[in-house]
Amino acid sequence: MLNIDDLKVSLEEEEKQIIKGLSLSIKPGEVHAVMGPNGSGKSTLSSVLAGKDGYIIDSGTVNFDGSDLLDAEVEERAALGIFMAFQYPIEIPGVGNMNFLRTALNSQRKTRGQEELNAADFLKLVRGIAKDLEISDEMMKRPVNVGASGGEKKRNEILQMCLLEPRFVILDETDSGLDVDAMKLVSKGVNNFSSSSRSFLVITHYQRLLNYIVPDFVHIMVDGRIVKTGDKTLALHVEETGYKDFLQLGKGKH
Amino acid sequence: MTDNYEVRDVIDKETLSTVKSVGDAYKYGFSTDIETEYAPLGLNEDIVKLISKKNNEPKWMLDWRLKAFNRWKKLKQPDWALLKIPEIDFQDQYYYARPANMKEKPKSLDEVDPKLLETYSKLGIPLTEQKKLAGVIEENPEDKSENRKVAVDAVFDSVSVGTTFKEELKSVGVIFCSISEAIKEYPDLVKKYLGSVVPISDNFFACLNAAVFSDGSFVYIPKGVRCPMELSTYFRINAENTGQFERTLIIADDNSYVSYLEGCTAPQRDESQLHAAVVELVILDQAEIKYSTVQNWFPGDENGVGGIYNFVTKRADCRGKNSKVMWTQVETGSAITWKYPSCVLKGDNSSGEFYSIAITNNMQQADTGTKMIHLGKNTNSRIVSKGISAGKAQNTYRGLVQIGGRSQNSRNFTQCDSLLIGNKCGAHTVPYIEVNNSTARAEHEATTSKVDEDQLFYCMQRGIGEEDAVALIVNGFCKEVLQALPMEFAMEAQKLVAISLEGSVG
């Protein structure tokens, strides 16, 4: 599904390489976790995959279902089925959640050449998802993420994911700022959504989220590279000993 | 889903396809090839007399015009606004133009030149009575709203070309006609109220208008009548090199109510054109007027060539006790906008509201706001202004809140928000607050923000294209004002916001 080959990425504003030769292959139905210390390039990786401005691709390729992902606009990538749950979901004052969701869904459908969903079908769909995620009608009427708690914002991200039905989901530090109950609710939403045709890239600093969203592969990222790949036990190892064992691996490759 | 919703839907589709086919940010830039009769170029006493004669006016009206003209000759164009106004040669303008076959006013719409009607239908204005404009809000099309009728008066260059629903309005006593007709048919009302809110010598542009106004709309709502439909005037400048000077007078007698809509467009031309209108609202005891404007005159091209110079004086006089006025404006067009719809709150417990969206893109300049003059006791005013600036545009909010010595317990609330798109535009807020009564309270809140890269990225990551994302964010920013508009205008205005900002990002 997704193939990243020897990707090197710098910041646009300062000539600093953040990702220094990263390769990763993700097949349909797989859950991959990328863990690493602060500044290792995890968030840059998710931003680059989603298409955020401010980065220069120095070399390497990213292929998504046979097409060059780096060539596509942000909204085209979304329509291809790439979704990123934001670490800090953005507030949009004055724009109601319903209006936002309907605009997003119909924009994607339009890009894919599908008919727009009518209001009645849309409402039915959204209400069903909101109920599962314990999101109140009152919250659905509010402007996007305005005045929402950290937990509400993350649930809202999961709601957007369930509605837009992407095939490839990036969870960017989704566990940050969540208490245990909220994390369980969010994880339940993700697990219900997972299927044999969908893949996840879970970016996280801590292991605890991986108790709920169990990865098939765990990659340790240090200084812009993946320095070790293992199964879920690798995450437990990190939890016990921290990243210090891996820092050396990063340097060793210089 | 009602039939009317489908009608609305068809209009929307047509509007969208027009936008696409024009392939330009300004969708009303076409001109209608129609034979036009002009008065000679320039301005002098003879021109004023000619305009009066063309309208078959009584002598008192001509005298009024001449008084204004003589006064105007002594006035200087104001220069206090934050606007760079190229020198205007007032002698190099035509002050009167009308479609040639309108020498005899048409008695019904059937007699109107089909080319004119075609123009209006292109503009999405349903002039013929069959095409009743029905608004059903987009979000809940399953909700069946009652059919909403809108009576339309259309002013093409200098003359009114047709007013719809006249008979139906007349049956409840509402007078809705062109002002030229009102001068002849209802001289007592016109004499009593014309110039009573905006006096002849009020300001340079209002004075010019008093001398040369050629047409406009007149509305009288009798005592105790709630106008059964929205009234609307549609202004269109078509002729080249011609100024448009329309005058609107609306009187809401005791315990009456009316909602009035005004829309404006002009063709795309290289030369700038002058527009100096005057609107007077008279509101008596317990009466209420809602006045909404969507101003979309041609804004000039991206290099600032052409466009309308829009100098407008609008004022509401809340003479009666408990009278109410609400101005709502969406200003997206014009190269230059100079406009301050004001409320004079004379009656005790009267209230004035001003909701404004002013969008400037490319080289547009706007200096706009309001004046709230509190004279009566317990008067209330509320100002919500949303200025959006993109390209190299300059956008100024200028507002006066004045609370007089005898205005006990009066209140004002002002909220003034500016949004910048890009880093070559400017937003300015110039509030004047004069409080002469210790029991008064005036509050002012102001913010300036930028369309945030993160907001755009968030929308786009969810699949929304960049220009749609900007439109969504800006419409969110303007929401409080859009909500103040009548439904059918709100939808039009939302689309206009998107169109006005095309090309402002990326």
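Heads up: the structure comes first, above all this text.
Only a predicted model underlies this, so the values are computations on that prediction, with no experimental measurement involved.

Quick word on the overall build of chain B
Logical step 1: What chain B contains, in helices and strands, is 12 helices and 22 strands.
Logical step 2: Per-residue burial over chain B gives 62% buried out of 506 residues.
Logical step 3: Within chain B, residue pairs in contact and separated by at least 24 positions form 85% of the contacts whose partners lie at least 6 positions apart.
Logical step 4: Per element, the accessible surface of chain B, about 19600 Å² overall, is 46% carbon and sulfur.

Details of the sheet that holds strand E2 (residues 17-26) of chain A
All names here are of chain A.
Logical step 1: As summarised here, the arrangement of the 4 strands in space is E2-E1-E4-E5, forming an open sheet in which the pairing is antiparallel. Each having just a single partner strand, E2 and strand E5 (67-68) make up the two edges of the open sheet.
Logical step 2: Examined bridge by bridge, strand E4 (residues 55-64) and E5 share 2 bridges and lie antiparallel to one another. By the bridge assignment, Asn 63 is partnered in E5 with Asp 68.
Logical step 3: Lying on the sheet, helix H1 (residues 42-50) is in contact with strand E1 (2-11), E2 and E4; it crosses E1 at an angle near 110°.

Some words on the pattern of salt bridges
Residues and elements named next belong to chain A.
Logical step 1: Under the definition given, this model contains 21 salt bridges over all chains.
Logical step 2: Among the salt bridges present, the one from Glu 91 reaches Lys 153, with a minimum N-O distance of 3.3 Å. With Glu 91 in the loop between strand E6 (82-85) and strand E7 (92-96) and Lys 153 in helix H6 (residues 150-164), the pair connects residues that are 62 residues apart, well separated along the chain.
Logical step 3: Note that Arg 142 is salt-bridged to Glu 152, the shortest N-O span being 3.8 Å. Placement of Arg 142 in the loop between helix H5 (137-141) and strand E8 (143-144) and of Glu 152 in helix H6 is noted, with a sequence separation of 10 residues between them.
Logical step 4: The network of salt bridges with shared partners includes Glu 138, Arg 142 and Glu 152.

Focus on helix H7 (residues 180-193) of chain A
An α-helical turn contains 3.6 residues, so a residue and the one three or four places further along point in the same direction.
Residue and element names in this part refer to chain A.
Logical step 1: With 14 residues, H7 should cover 20 Å at 1.5 Å per step; its first-to-last C-alpha distance of 20 Å lies within 8% of that length.
Logical step 2: All buried positions along H7 are accounted for by Ala 182, Met 183, Leu 185, Val 186, Ser 187, Gly 189, Val 190 and Phe 193.
Logical step 3: Those residues of H7 that are buried lie in contact with H6, strand E9 (168-172) and strand E10 (199-204).

Some words on the pairing of strand E8 (residues 247-252) of chain B
All names here are of chain B.
Logical step 1: Among the 6 residues in E8, 6 count as buried, and that is most of the element.
Logical step 2: The two faces of E8 match: Arg 247, Leu 249 and Ile 251 on one face and Thr 248, Ile 250 and Ala 252 on the other face are all buried.
Logical step 3: Examined bridge by bridge, strand E6 (residues 217-221) and E8 share 4 bridges and lie parallel to one another. Following the sheet pairing, Tyr 220 is matched in E8 by Ile 251.
Logical step 4: In the sheet, E8 pairs with strand E10 (residues 272-283) via 6 bridges, with the strands oriented parallel. Bridge pairing in E10 links Ala 252 to Ile 283.

Some details on the nonpolar core
Logical step 1: One finds A:Leu49, A:Phe168, A:Ile220 and B:Ile388 to be the most contacted residues of the largest nonpolar core, which totals 116 residues.
Logical step 2: If near-sequence neighbours (up to four positions away) are discounted, A:Leu49 is found in contact with A:Leu2, A:Ile4, A:Val62, A:Leu69, A:Arg77, A:Phe168, A:Ile170 and A:Leu201.

What counts, and where the lines are drawn
Residues numbered from 1 in each chain as written. Chains lettered and ligands numbered in written order. Predicted model: local features only at pLDDT ≥ 70, side-chain atom pairs only at ≥ 80, totals over all residues. Heavy atoms only, no water. Helix = DSSP H or I, 4+ residues; strand = E, 2+ residues; numbered from the N terminus. Buried < 20%, exposed > 50% of the residue type's maximum accessible area, 1.4 Å probe, protein only. Contact = heavy atoms within 4.5 Å. Areas by Shrake-Rupley, 256 points an atom, 1.4 Å probe, with all protein chains shown as cover. Pairing = 2+ DSSP bridges. Axes fitted to C-alpha atoms, helices over the stretch in contact; angles between N-to-C directions. Salt bridge = Lys/Arg side-chain N within 4 Å of Asp/Glu carboxyl O. Expected span 1.5 Å × (residues − 1). Core = buried A, V, L, I, M, F, W, Y, C linked by side-chain atoms within 4.5 Å.

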